[in-house]
Amino acid sequence: MPDFELPPRLPLARLPTPIERLDRLSEHLAGPSIYVKRDDLTECACSGNKIRKLEFLLADAREKGGDIVLTCGGIQSNHARATAVAARRLGLDSFLLLRGEEPAEADGNLLIDRLVDAEIEWITPDQYSRRTELFADRSRRFREAGRRPYVIVEGGSDAVGAWGYVLAAMEIREQERELGVRFDWIVSAAGSGGTLAGLLAGKALAELAGEILAFAVCDDTGYFQTRAGSILRELTDRFRLPLEIPPASDIHVTDEYKGIGYGLATQEELETLRMVAALEGILLDPAYTNKAMHGLIAEIRRGRFLRTGNILFIHTGGIFSLFPMKENLLRAPPR
Ligand SMILES: *Cc1c(COP(=O)(O)O)cnc(C)c1O
């Protein structure tokens, strides 16, 4: 493995997460072997992929003397929730810019934000698109009040946060050895691009043979190729990693399965969620992992992958956003 130095990290996640073969789903589809990496088991209230990024981001916050962490997201943001909870585990405060109007009832991730007493400011989609300015302004106000703010960008997707998935790729390489399996494809959902960028860097550093495939849940293929490329460039510059940045066209992203919009799900998508739950006892989330799984199943049915191949699906978490969707979920018949 090439020589490089890891940035500071706090051990906040329960690692390594297990890899399991989805026997019944693989058999049902009569295609490649599908395995799942259980990053939904990284923690309880901090579960999902964001805590891997927060191990590095909050270590950086600590090193810089931060006492309040600012971040942003949608109403049901897993990232905002994981940040708010992880901050408390370190004795820090959090301030969340959430996009939308305050709902009458706090459910799912928002309930948890409330339980850990995160400070929340509700902002419009227009304000959200200018969030960098907003962060600068709110940071200035906190500093004037004697606080030491630390800003974490959307999804924790920058060069520091991406380290979480550089390490995850190394973990996967180790587990390939233990299990005696080589994954041909490593699949995950993409929302802000940090997981994808980290996996790409980790693939190069750990010499993973498999290709990384991302299913966009918002924006489009070109956006994620550019975004992942720029996070990779930031990683190589800032941490002097010996990486070659792949050309955008070599980064595998599909935007065909993002459906009717961010955080929304069609009945057809929810049938996939119920099918996987009923076959495997694995709960996907409507905003990310189920879109990726719905897309993966469609691509398997189209014959995109070798029947003898091995696919590793990264379950990036999101369980709490199931609850606000309960009515739609129960309308989708199980298959
Ligand atoms: C944020 C998130 C993703 C996407 O990860 P990015 O690094 O933002 O692309 C996938 N799944 C879940 C459950 C998430 O919360």
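Residues numbered from 1 in each chain as written. Predicted model: local features only at pLDDT ≥ 70, side-chain atom pairs only at ≥ 80, totals over all residues. Heavy atoms only, no water.

Let us look at the pattern of salt bridges. One pass over the full model with this rule turns up 28 salt bridges. Between Arg 52 and Asp 39 there is a salt bridge, and its shortest N-O distance comes to 2.8 Å. A residue pair is termed long-range when its members are at least 10 positions apart, and Arg 52 in helix α2 (residues 50–63) and Asp 39 in the loop between β2 (33–37) and α2 qualify at 13 residues. Residue class for Arg 52 comes out buried when judged on its relative accessible area of 1%. Overlapping salt bridges bring together Glu 121, Asp 137, Arg 138, Arg 140, Arg 141 and Glu 144 as one network. (Salt bridge = Lys/Arg side-chain N within 4 Å of Asp/Glu carboxyl O. Helix = DSSP H or I, 4+ residues; strand = E, 2+ residues; numbered from the N terminus. Buried < 20%, exposed > 50% of the residue type's maximum accessible area, 1.4 Å probe, protein only.)

Next up on the list: the side chain of Asn 310. Along the polypeptide, Asn 310 turns up in strand β10 (residues 310–314). Judged by its relative accessible area of 16%, Asn 310 falls in the buried class. Within polar-contact distance, the side chain of Asn 310 engages the backbone oxygen of Arg 182 at 3.2 Å. Ignoring any residue separated from it by four or fewer positions in sequence, one finds Asn 310 in contact with Ser 33, Tyr 35, Val 181, Arg 182, Phe 183, Asp 184 and Trp 185. (Polar contact = N/O pair within 3.5 Å; in protein donor to acceptor, adjacent residues only side chain to side chain. Contact = heavy atoms within 4.5 Å.)

Per-chain confidence: the protein chain averages 97 in pLDDT, with 98% of residues scoring 70 or above. Mean pLDDT across the secondary structure elements of the protein chain bottoms out at helix α12 (residues 326–331), with 90, and peaks at β2, with 99. (pLDDT = per-residue confidence, 0-100.)

This paragraph deals with the packing of helix α3 (residues 78–89) against helix α4 (residues 108–115). Angle between the axes and distance between the axes: these two values describe a pair of packed helices. Two numbers describe how α3 lies on α4: the axes approach to 9 Å, and their chain directions differ by 20 degrees. By the criterion of interaxial angle, the relationship of α3 to α4 is roughly parallel. Of the two possible hands of crossing, α3 and α4 adopt the one that is left-handed. Residues Asn 78, Ala 80, Arg 81, Ala 84 and Val 85 of α3 form the contact with α4, whose participating residues are Asn 109, Ile 112 and Asp 113. Partitioning the contact of α3 with α4 into residue classes produces four nonpolar, two polar and two charged. (Axes fitted to C-alpha atoms, helices over the stretch in contact; angles between N-to-C directions. Parallel < 35°, antiparallel > 145°, perpendicular 65-115°, else oblique. Left-handed = near helix turned anticlockwise from the far one by under 90°. Nonpolar A, V, L, I, M, F, W, Y, C, P; charged D, E, K, R; others polar.)

Attention now moves to the packing of aromatic side chains. With the rule as written, the count across this model stands at eight aromatic pairs. Both rings, one in Phe 95 and one in Phe 142, keep their centres 5.2 Å apart while their planes meet at 80 degrees; by these two values the pair is edge-to-face. Of this pair, Phe 95 sits in strand β4 (residues 93–99) while Phe 142 sits in helix α6 (residues 131–144), and the two are 47 residues apart along the sequence. For Phe 142, a relative accessible area of 12% translates into the label buried. Considering the side-chain rings of Tyr 262 and Tyr 288, the 5.9 Å spacing of their centres and the 75 degrees angle between planes classify their relative orientation as edge-to-face. Of this pair, Tyr 262 sits in the loop between β9 (252–254) and α10 (267–280) while Tyr 288 sits in the loop between α10 and α11 (289–301), placing them 26 residues apart in sequence. Residue Tyr 262 is classed as partly exposed on the basis of its relative accessible area, which comes to 35%. Here the aromatic cluster, defined as three or more aromatic residues joined through ring pairs, consists of Phe 56, Trp 163 and Phe 239. If you follow Lys 50 out to its NZ or CZ, it ends over the ring of Tyr 288, 5.4 Å from the centre. The ring of Trp 185 has Arg 304 lying over it, and the distance from NZ or CZ to the ring centre is 5.5 Å. (Phe/Tyr/Trp six-rings, centres within 6.5 Å; stacked < 30°, edge-to-face > 60°. Lys NZ or Arg CZ within 6 Å of the ring centre and 35° of its normal.)

Attention now goes to the side chain of Gln 175. By the element assignment, Gln 175 lies in helix α7 (residues 159–179). Those residues in contact with Gln 175 that sit more than four places away from it in its chain are Pro 16, Thr 17, Pro 18, Ile 19 and Lys 37.

Here we come to α10. Taking 1.5 Å of rise per residue, 14 residues should cover 20 Å, and α10 covers 20 Å from first to last C-alpha, within 8% of that figure. Along α10, the residues that are buried comprise Glu 269, Leu 270, Glu 271, Thr 272, Leu 273, Met 275, Val 276 and Glu 280. Looking at the buried positions of α10, the neighbouring elements they touch are α1 (23–29), α11 and α12. (Expected span 1.5 Å × (residues − 1).)

Moving on: the sheet that holds strand β7 (residues 185–190). Across a sheet, strands are paired by hydrogen bonds formed along the backbone, either parallel or antiparallel in direction. Taken together, the six strands give an open sheet; going across it, the order is β1-β2-β10-β7-β8-β9, and neighbouring strands pair in mixed fashion. One side of each edge strand has no neighbouring strand; the edge strands of this open sheet are β1 (19–21) and β9. Going from strand to strand, the sheet's axes swing by 25 degrees on average, the running direction of each strand aside. In this sheet, β10 lies alongside β7 in parallel orientation, the contact comprising three bridges. Residue pairing for β10: Val 187 is matched across the bridge by Phe 313. Together, β7, β8 (211–216), β9 and β10 form the strand contacts of helix α8 (residues 194–206), whose direction differs from that of β8 by roughly 175 degrees. (Pairing = 2+ DSSP bridges.)

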